[in-house]
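Here are the chains, one letter per residue:
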Amino acid sequence: MGSSEQPEPPPQGEPKKFDPSFRGPISKRSCTDIICCLIFFFAIIGYCIVGIVAWTHGDPRKVVYPTNSRGEFCGQLGGPNEHKPFLFYFNILKCANPLVLLEFQCPTTQTCVSECPKSFESFISSYALLNVKPEKWRYYIQFCKPGFNDSTKRPVQVFTDGDCPAFLTPSKPFAGRCFPDLETVKGVVKVGNMTAFKDANGGSVNATEMLEAAKGANIVREARMVAMKIFEDYTKSWYWILIGMSITLVVSLLFVILLRFIAAFMVWLTILLVIAVLGYGIYHCYMEYTQLKGIPGSDVTIKDLGFQTDLRVYLHLRQTWLAFMIILAILEVIIILMLIFLRKRILIAIALLKEASRAVGRIMSTLAYPIITFLLLLVCVAYWGVTAVFLSTSGEAVYKVVANETSCKEYNMKTCNPNTFNVSNTTRQCPEAQCLFAFYGGESYYHRYLILFQFYNVFLFFWLTNFVIALGQVTLAGAFASYYWAFNKPADLPTFPVFSSMGRALRYHTGSLAFGSLLLAIVQVIRVLLEYIDQKVKGAKNKVAQFILSCLKCCFWCLEKFLKFLNRNAYIMIAIYGKSFCASARDAFFLLMRNIIRVIVLDKVTDFLLFLGKLLIVGGVGVLGFFFFTNRISMFEDRAPALNYYWIPLLTLIVGSYFVAHGFFSVYGMCVDTLFLCFLEDLERNDGTTERPYFMSKALLKILKKKNE
């Protein structure tokens, strides 16, 4: 009796079989990944609840206006600190703690004062001279906790209870807060003309150490005038920035339209122009480098110069232009070498671009879809930002009863309300009891788990933004797939392919999109946590821990890139076949693995060409903006605004132009990826016979030396 063994399927999966009923995105489909859809739905409800609770407890004014450790505003009319407009930190060195970013509160006692300290003072010296110079004591205690005036309390106990700061340093007010008056004299950091002073433990604190530990305060102080000048530049140049971005919009649209008709010419023109732009950049850097030769101070290195808030200083260094020239030369060589080795494949990529341009031309509404994605992302970012601010400002002052531990033990250290304490039952039972401030934060369940709410806010932000991007990808993929699998174009195209595709995605595949975006959000949150841990480890200077963290950061960066690639192709398969996320990801991955050479050569060469087009548009607008803002265009020399830092509006223009161009080219990129997967399936499903004709364009058939009978 013989036995027949079934052949094992190939590791890359079975090729697609011919299906005479298949005509693109299937209409008969069912809901996928329902469990993840329900989890996503309840997660959004929870996110809304967190936002409502945060908006109820938070007070965003605390971000702008200074508040003391009790949560009271400094200088508020009608408040207890009406005549104390400045906020004083007991130990500003603790403001470098990362918790400041989460709670908008330095982990040190803060009190409202009428003026900032003007000289060096020590609590121990003021206490020792209490009877000789009582005015020093009266001056010092205004920087202690409100109501403190106990001259009988020993300094050690005062520091233990946190009643007063150990020392005062000369400070200047900025944004309602007292910051140390740090300055550098001939390379030596000083505070009030002193380089060192005594701390609470009798040790010496160097002014340089204080500068390093309190960089935030020093940077804020130095950046004051810079921020004012930047704001002034924006008021003078904002309309020119909008004009430049409008030019980018028009040029991007023209580029897409021209690509439909003369793809080959536009591709080769793009390549030559990018090479020319980089060549001019190299020439310009060389000319600047040679012109600075012999000029005093131009040979100073960037390392010796250090960080300067006025970045124009670096443009007077020869080393700066040499670095720019080397970077541009390397880019030029890399691009030329890639073109030499891939020149034969560029023709195939051009045919794929022509097909993509025809698809976009037939479905012009796809060019407007990035606006929907942008608006949805804007809502996600705004909701996350507002919720984060309200969560971070949700702390409140907590007061405790201080009473005799023997006669009033049951009331001691209980939470109390200072406004109603005098008429409460506690004062009747314990007349000597007091309601004193204990700490700032809160004791409710909400305040206890506030850090978890912050984490939940960040996690849902990543999840929602990835979901919005996924929705855009699957919507565009469904529209372009319906174009490719329409045998008679455009007669067989659906009436509203974009809205039909979006409707299918939301009705049947919300769970699949949520599942794919969840995986990506988890990896992204882990990367954020690794960055936070890395910052903590850097302070400890543990080389082993830093090496391990660097490896983990690299691994998760690679994992995120792989997941983005896998998700993108999985969404294309979801848009076409309507399967679950895992099944679609498997089918897409195996399809790509069965055609790995084509994936590497064709798809990536096409991506590279689209990148060159984006680089050309953004680079061209950037060069135009550079010449305009530096008054090098004689025609507009009188109209160009006089700026303090021309690179501020220039950088804004370049970044804005990039996002505008990216919106157009992302549609094209998604079209190319979708058509490429459909092209690979077309080769597997069909053979060009009358019963199994190819759906690809005649140009692709000609390049591949295939034809339909």
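Residues numbered from 1 in each chain as written. Predicted model: local features only at pLDDT ≥ 70, side-chain atom pairs only at ≥ 80, totals over all residues. Heavy atoms only, no water.

**Remarks on the overall build of the chain**
Alright, step 1. The number of helices and strands found in the chain is 23 helices and 13 strands.
Alright, step 2. Relative to its full complement of 709 residues, the chain shows a buried share of 43%.
Alright, step 3. Pairs at least 24 residues apart make up 72% of the contacts formed inside the chain by residues separated by at least 6 positions.
Alright, step 4. Of the roughly 38,100 Å² of accessible surface on the chain, a fraction of 65% belongs to carbon and sulfur atoms. (Helix = DSSP H or I, 4+ residues; strand = E, 2+ residues; numbered from the N terminus. Buried < 20%, exposed > 50% of the residue type's maximum accessible area, 1.4 Å probe, protein only. Contact = heavy atoms within 4.5 Å. Areas by Shrake-Rupley, 256 points an atom, 1.4 Å probe, with all protein chains shown as cover.)

**Quick word on the state of the cysteines**
Note: disulfide means a covalent bond formed between the sulfur atoms of two cysteine side chains.
Alright, step 1. On inspection of all chains with the given rule, the structure shows 3 disulfides.
Alright, step 2. Residue pairing for C116: its cysteine sulfur links by disulfide to C178, the two sulfurs lying 2.0 Å apart. Across the S-S bond of C116 and C178 the torsion is about -85 degrees, and the bridge reads as left-handed. Placement of C116 in the loop between β2 (110-113) and β3 (121-122) and of C178 in strand β6 (residues 177-180) is noted, with a sequence separation of 62 residues between them.
Alright, step 3. Of the cysteine sulfurs around C671, a residue in no disulfide, the closest is that of C678, at 9.5 Å.
Alright, step 4. Here C671 falls in the buried class, since its relative accessible area comes to 0%. (Disulfide = S-S within 2.5 Å.)

**Quick notes on the confidence of the model for the chain**
Alright, step 1. On average, residues of the chain carry a pLDDT of 78, and 82% of them reach 70 or more.
Alright, step 2. Note on residues 98-104: pLDDT under 50 across the span, and 16 contacts to partners over four residues away in sequence or across chains.
Alright, step 3. Every residue in residues 212-224 scores below 50 in pLDDT, and together they form 17 contacts with partners more than four places removed in sequence or on other chains. (pLDDT = per-residue confidence, 0-100.)

**Thoughts on the pattern of salt bridges**
Alright, step 1. Tallying each qualifying case throughout the model produces 13 salt bridges.
Alright, step 2. For K564, the salt bridge identified is with E560, shortest N-O distance 3.5 Å. Taken together, the residues span about one helical turn, with K564 and E560 both in helix α19 (residues 543-577) at a distance of 4 residues.
Alright, step 3. Here K564 falls in the partly exposed class, since its relative accessible area comes to 37%.
Alright, step 4. A residue is classified by how much of its surface remains accessible, and E560, at 6% relative accessible area, is buried.
Alright, step 5. The salt bridge partner of D673 is R568, with a shortest N-O separation of 2.5 Å. Taken as a pair, D673 in helix α22 (residues 647-685) and R568 in helix α19 lie far apart in primary sequence, 105 residues in all.
Alright, step 6. Each of R527, E560 and K564 takes part in one network of salt bridges that share partners. (Salt bridge = Lys/Arg side-chain N within 4 Å of Asp/Glu carboxyl O.)

**Comments concerning a nonpolar patch on the surface**
Alright, step 1. On the surface, L249, V250, L253, L254, I257, L258, F261, I262 and F265 cluster together into a nonpolar patch covering about 800 Å² of accessible area.
Alright, step 2. Tallying contributions element by element places helix α8 (residues 215-261) first for the nonpolar patch, with 7 residues.
Alright, step 3. Assessed through its relative accessible area of 58%, F261 is described here as exposed. (Patch = residues over 30% accessible without salt bridge, like charges linked within 9 Å, V, L, I, M, F, W, Y side chains within 5 Å.)

**Thoughts on the nonpolar core**
Alright, step 1. Counting residues in hydrophobic clusters, the biggest one holds 107 residues, and the most contacted among them are W463 and L609.
Alright, step 2. Considering each element in turn, this core owes the most residues, 18 residues, to helix α16 (residues 450-484).
Alright, step 3. For L609, the residues in contact, after removing those within four places along its chain, are V267, I271, I346, A349 and L353.
Alright, step 4. In terms of nonpolar packing, the next biggest core, distinct from the first, is built from 17 residues, F90, C144, F148 and C164 among them. (Core = buried A, V, L, I, M, F, W, Y, C linked by side-chain atoms within 4.5 Å.)

**Considerations on the layout of surface pockets**
Alright, step 1. Taken as a whole, the largest pocket holds about 2,000 Å³ of empty space.
Alright, step 2. At the level of secondary structure, the elements contributing two or more residues to the lining of the largest pocket comprise α8, α13 (369-392), α16, α18 (510-540), α19, α21 (596-629) and α22.
Alright, step 3. Tallying contributions element by element places α22 first for the lining of the largest pocket, with 15 residues.
Alright, step 4. A per-class count over the lining of the largest pocket returns 30 nonpolar, 12 polar and 8 charged.
Alright, step 5. Roughly 1,500 Å³ of internal volume is contained in the second largest pocket. (1 Å grid on protein atoms, 1.4 Å probe; cavity = no way out; pocket = protein on both sides within 12 Å on 5 of 7 lines; lining within 4 Å. Points joined across faces, edges and corners; volume = space filled by probe spheres on them. Nonpolar A, V, L, I, M, F, W, Y, C, P; charged D, E, K, R; others polar.)

**A look at the packing of helix α20 (residues 581-594) against α22**
Alright, step 1. Viewed as axis vectors pointing N to C, α20 and α22 meet at an angle of 70 degrees, and their least axial separation amounts to 11 Å. Considered as vectors, α20 and α22 are oriented roughly perpendicular to each other. Across the interface between the two elements, L591, L592 and R594 of α20 pack against F676, L677, L680, E681 and E684 of α22.
Alright, step 2. Classifying every residue of the contact of α20 with α22 by side-chain character gives 5 nonpolar, no polar and 3 charged. (Axes fitted to C-alpha atoms, helices over the stretch in contact; angles between N-to-C directions. Parallel < 35°, antiparallel > 145°, perpendicular 65-115°, else oblique.)

**A few points about unusual backbone geometry**
Alright, step 1. With a phi close to 50 degrees, D33 is a non-glycine residue in the positive phi region.
Alright, step 2. For D33, the position within the fold is in the segment before α1 (34-57).

**Some details on the side chain of N567**
Alright, step 1. Within the secondary structure, N567 sits in helix α19.
Alright, step 2. When its relative accessible area of 3% is taken as the criterion, N567 is described as buried.
Alright, step 3. Separated by 3.0 Å, the side chain of N567 and the backbone oxygen of G516 make a polar contact.
Alright, step 4. The contact partners of N567, leaving out residues within four places of it in the chain, are G516, S517, L520 and F581. (Polar contact = N/O pair within 3.5 Å; in protein donor to acceptor, adjacent residues only side chain to side chain.)

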